[in-house]
Amino acid sequence: MPENTFLIDVKTLRERARRHIEQGAVTEGYQADREAVLNFLNDALATEIVCVLRYRRHYFMANGINARAVADEFLQHANEEQGHADQIAARIVQLGGEPNFSPEGMLGRSHSAYVEGESLTDMIREDLVAERVAIDSYKEMIQYLGTKDPTTRRMLDGILAVEEEHAEDLATLLERYDQRPYAGSVSLQQMNDEAIAMHKEKRD
Ligand SMILES: [Fe+2]
Ligand SMILES: [Fe+2]
């Protein structure tokens, strides 16, 4: 996929992420607008669910081609995204709203895309793009909330920190696999061995 396609997609997705925040900013009063908060939390919930689905698909596909170490990373991210979805759904209920788990329109509400990816590097790249979009949209929500809703803000701060770790993990994987003269022809076994070595480095 050409590089500029990613840029266009990210721009569109970011604009979508801002939509509800802008609506919230024009309402009266200083305190957070509950409807706006519920709207963007439901968009964030859809984003997390789409991320769970994408990471799980990538986990099974990578596992199937014996890229075990990368698959394990995908699975770990999938489980953490599920945890975020649960936190967000619980907060929506606390705020008197209803979490929207309807599959209908899920992708439209999500800030990040569901891209299956052809190769292991495609999958890593797509996940990295999705994480970057999530990071940007969480930053915007946090900025909007300011001091108006400290509980929601604290929750989003925690989620944002994890998304930043995810992006860093993926950027490291991509650097390993994508910037080599023989990228594309490298064997999966070799990629797997390198990913295992990288995990060891991280632990030490
Ligand atoms: Fe997440
Ligand atoms: Fe993430």
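Residues numbered from 1 in each chain as written. Chains lettered and ligands numbered in written order. Predicted model: local features only at pLDDT ≥ 70, side-chain atom pairs only at ≥ 80, totals over all residues. Heavy atoms only, no water.

Visitor: Would you explain the overall build of the chain in this entry?
Guide: Of regular secondary structure, the chain possesses seven helices and zero strands. In the chain, the succession of α and β elements from N to C terminus is α-α-α-α-α-α-α. Looking at the chain as a whole, 45% of its 204 residues are labelled buried. Put simply, 77% of the contacts in the chain that link residues at least 6 apart link residues at least 24 apart. A total of about 10700 Å² of accessible surface is found on the chain, and carbon and sulfur atoms cover 50% of it. (Helix = DSSP H or I, 4+ residues; strand = E, 2+ residues; numbered from the N terminus. Buried < 20%, exposed > 50% of the residue type's maximum accessible area, 1.4 Å probe, protein only. Contact = heavy atoms within 4.5 Å. Areas by Shrake-Rupley, 256 points an atom, 1.4 Å probe, with all protein chains shown as cover.)

Visitor: What is the right way to look at the coordination of the iron ion (ligand 2) in this model?
Guide: Here the iron ion (ligand 2) is held by the protein donor atoms Glu 81 (OE), Glu 131 (OE), Glu 131 (OE), Glu 163 (OE) and His 166 (ND1), which lie 2.0 to 2.3 Å from it. Between the donor residues of the iron ion (ligand 2), the gaps in sequence give the motif E-x49-E-x31-E-x2-H. Separating the iron ion (ligand 2) and the iron ion (ligand 1) is a distance of 4.0 Å, and Glu 81 donates to both of them. Within this pair, whereas Glu 81 is found in helix α3 (residues 68–94), its partner Glu 163 is found in helix α6 (residues 150–178), the two being separated by 82 residues in sequence. The exposure class of Glu 81 is buried, given its relative accessible area of 1%. According to the relative accessible area criterion, Glu 163 is buried, its value standing at 1%. (Donors = N, O, S within 2.8 Å, 3.2 Å for Na, K, Ca; no water.)

Visitor: How do you make sense of the packing of aromatic side chains when you look at a structure like this?
Guide: Any pair of aromatic rings gets described here by the distance separating the centres and the angle formed by the planes. For the structure on display, the rule yields three aromatic pairs. Centre to centre, the rings of Tyr 55 and Phe 74 are 6.2 Å apart; their planes meet at 40°, and the pair counts as tilted. Here the residue Tyr 55 occupies a position in helix α2 (residues 34–64), and Phe 74 occupies one in helix α3, the gap between them amounting to 19 residues. For the pair Tyr 55 and Phe 74, one class covers both residues: buried. Ring geometry for Tyr 59 against Phe 60: centres 4.8 Å apart, planes inclined by 65°, an arrangement best described as edge-to-face. (Phe/Tyr/Trp six-rings, centres within 6.5 Å; stacked < 30°, edge-to-face > 60°.)

Visitor: It is not clear to me how the nonpolar core should be interpreted in this structure. Could you clarify?
Guide: One broad trend across soluble globular proteins is that nonpolar side chains are buried collectively. The biggest cluster of nonpolar side chains holds 44 residues, and the ones touching the most others in it are Phe 40, Leu 41, Phe 74, Ile 88, Ile 124, Tyr 138 and Leu 156. Of all the secondary structure elements, the ones that give two or more residues to this core are α2, α3, α5 (120–145) and α6. Here this core gets 13 residues from one element, more than from any other, and that element is α2. Beyond its immediate sequence surroundings of up to four residues, Ile 88 is in contact with Leu 41, Ala 44, Leu 45, Glu 48, Tyr 138, Met 155 and Ile 159. (Core = buried A, V, L, I, M, F, W, Y, C linked by side-chain atoms within 4.5 Å.)

Visitor: Is there a simple way to explain the pattern of salt bridges in this structure?
Guide: Side-chain pairs of opposite charge can arise whenever the charged atoms involved come near each other. Scanning the entire structure with this criterion turns up seven salt bridges. For the salt bridge of Asp 122 with Arg 125, the shortest nitrogen-to-oxygen distance reads 3.3 Å. With Asp 122 and Arg 125 both in helix α5, this residue pair falls three residues apart, about one helical turn. Residue class for Asp 122 comes out partly exposed when judged on its relative accessible area of 23%. Given the relative accessible area of 22%, Arg 125 is considered partly exposed. Of the charged contacts in the structure, one is a salt bridge between Glu 164 and Lys 139, with a shortest N-O distance of 3.9 Å. Of the two residues, Glu 164 is situated in helix α6 and Lys 139 in helix α5; the sequence distance between them amounts to 25 residues. By relative accessible area, which is 35% here, Glu 164 ends up partly exposed. Overall, the relative accessible area of 42% leaves Lys 139 in the partly exposed class. (Salt bridge = Lys/Arg side-chain N within 4 Å of Asp/Glu carboxyl O.)

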